[in-house]
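# Understanding the architecture of this molecule
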Amino acid sequence: MAQQLYQAIHHRNFILHLKYYDNHIPTILQSSHTVRIDNPEHVIRSQEARHYLNDTIQPMHTVERLPGHITLDNTLNGRYEGELQIIKEPLPEHPHVNVIARVITADLPLIYCMQSGDSFSFKNQPKEM
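I will try to describe carefully the structure that is included in this document. All values reported here derive from a predicted model rather than from experimental measurement. (Residues numbered from 1 in each chain as written. Predicted model: local features only at pLDDT ≥ 70, side-chain atom pairs only at ≥ 80, totals over all residues. Heavy atoms only, no water.)

### Some remarks on the side chain of Asn74
For Asn74, the location among the structural elements is in the loop between strand E4 (69-73) and strand E5 (84-87). Relative accessible area serves as the criterion here: at 0%, Asn74 is assigned to the buried category. Within the structure, Asn74 has its side chain in polar contact with the side chain of Asn98 (distance 2.8 Å). Once you skip the residues sitting within four places of it in the chain, Asn74 turns out to touch Ile57, Gln58, Pro59, Thr62, Glu81, Pro95, His96, Val97 and Asn98. (Helix = DSSP H or I, 4+ residues; strand = E, 2+ residues; numbered from the N terminus. Buried < 20%, exposed > 50% of the residue type's maximum accessible area, 1.4 Å probe, protein only. Polar contact = N/O pair within 3.5 Å; in protein donor to acceptor, adjacent residues only side chain to side chain. Contact = heavy atoms within 4.5 Å.)

Next comes the structure, spelled out in structure tokens:
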């Protein structure tokens, strides 16, 4: 945790530990991301996510989106397919948006510190849930 806080404070680089909803870890979660400059209040959007897209994303796990959920827009969202977001405020389920993972409870406070231009990445090293 100390290294994680150091990275966040001194380098504006956030490392978030995730819990996945199945055993498949999407490649997009293994890449580095940057918070978009035009980021809205209720989500954190990746600047690079759509550029990482190699496959069609079929609709699945389109459930209510809660703080800490990682979402990926599916093929029903047209040109926005592949848009990756970290949810900061509860949002209703939407057929165009798949929930693919969630930030573990211990790391949730970090998402509220993230600002436009900050970098972030994900790790599958579960700490306390």
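Structure's up, so let's keep going.
### A closer look at the pairing of strand E1 (residues 13-20)
Of all eight residues that make up E1, seven are buried, and the element is covered over most of its length. As defined by bridge partners, E1 adjoins strand E7 (residues 119-123) across five bridges and the pair is classed as parallel. Residue pairing in the sheet places Phe14 in a bridge with Phe120 of E7. As defined by bridge partners, E1 adjoins strand E6 (residues 97-103) across three bridges and the pair is classed as antiparallel. Each residue of the ladder has a partner; that of Leu18, found in E6, is Val103. (Pairing = 2+ DSSP bridges.)

### Brief notes about the packing of aromatic side chains
What the rule picks out here adds up to one aromatic pair. Ring plane angle 75° and centroid distance 5.7 Å describe the contact between Phe120 and Phe122, whose orientation is recorded as edge-to-face. A single burial state applies to Phe120 and to Phe122, both of which are buried. (Phe/Tyr/Trp six-rings, centres within 6.5 Å; stacked < 30°, edge-to-face > 60°.)

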